[in-house]
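Breakdown of the fold
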Amino acid sequence: MRILVTGGAIIQDNEGRILLQRRSDYGDWGLPGGGMNAGESIEETMIREVFEETGLEVSQYELYTVYSGSRMKYTYPDGNKVVFVMFIFNAKVDLEGKIAEDNRTLIYTDHNQESLKLEFKSIEEINIEDISTVQRPVFEDLKREVRTLLRT
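One structure accompanies this document, and this report is about it. In this text, all values refer to a predicted model and were calculated from it rather than measured experimentally.

Remarks on helix α2 (residues 136–144)
Turning to α2, its buried residues are Pro137, Val138, Phe139, Asp141 and Leu142. In the core, the buried residues of α2 are packed alongside β1 (2–11), β2 (18–23), β3 (29–30), β5 (58–67), β7 (81–93) and β9 (150–151). Phi for Glu145, located one or two positions after α2, is positive at around 60 degrees.

See below:
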């Protein structure tokens, strides 16, 4: 079983809704983010992944929480088993002119085709069943307003 270190971002619009990404690899929803490259800091990972998946440039950030432990076990469709160590940041970005007329969809053409859709949703609107299984603890904790730094 491999350990994967990832950096993800909670990006909120001016209404407090969270930016969710519908991923092309599994079709489920989650926060923008991804795996660390060798030699990167976790902050650099999060900033790079947010840009690759959303086109947004992170201007400010702070560490929100770190997830590790048994809830972070995941089996990919090809059978590979991993355990994630997820660093989640609160990130600020400039959304001026980047939200569609529906006032919910982020305007972005994803050339790497990692994102099927990028949409802002309130925490109440988010259905846990639609979230990537490895990120469900993040959203369960957001809904319950859990505020600890380290979570297992």
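Details of the environment of Val134
Along the chain, Val134 turns up in the loop between β8 (115–121) and α2. Residue class for Val134 comes out buried when judged on its relative accessible area of 8%. Distance from Val134 to Thr75, taken between C-alpha atoms, is 9.5 Å for residues 59 residues apart in sequence. Excluding anything up to four places from it in sequence, Val134 contacts Met72, Tyr74, Phe84 and Met86.

Things to note about the pattern of salt bridges
Overall, the coordinates contain 13 salt bridges when judged by the stated rule. For Glu40, the salt bridge goes to Arg48, with nearest N and O atoms at 2.6 Å. In terms of burial, Glu40 and Arg48 fall into one category: buried. One connected set of salt bridges, linked through shared partners, spans Glu40, Arg48, Glu49 and Glu52.

Observations regarding the pairing of β1
It is a general feature of regular strands that their side chains alternate between the two faces of the sheet. In this sheet, β7 lies alongside β1 in parallel orientation, the contact comprising 10 bridges. Across the sheet, residue Ile11 finds its bridge partner in β7, namely Ala91. Pairing analysis gives three bridges linking β1 to strand β4 (residues 33–35), with the strands arranged antiparallel. Counterpart to Gly8 in the pairing with β4 is Gly33.

Calculation rules
- Residues numbered from 1 in each chain as written.
- Predicted model: local features only at pLDDT ≥ 70, side-chain atom pairs only at ≥ 80, totals over all residues.
- Heavy atoms only, no water.
- Buried < 20%, exposed > 50% of the residue type's maximum accessible area, 1.4 Å probe, protein only.
- Helix = DSSP H or I, 4+ residues; strand = E, 2+ residues; numbered from the N terminus.
- Contact = heavy atoms within 4.5 Å.
- Salt bridge = Lys/Arg side-chain N within 4 Å of Asp/Glu carboxyl O.
- Pairing = 2+ DSSP bridges.

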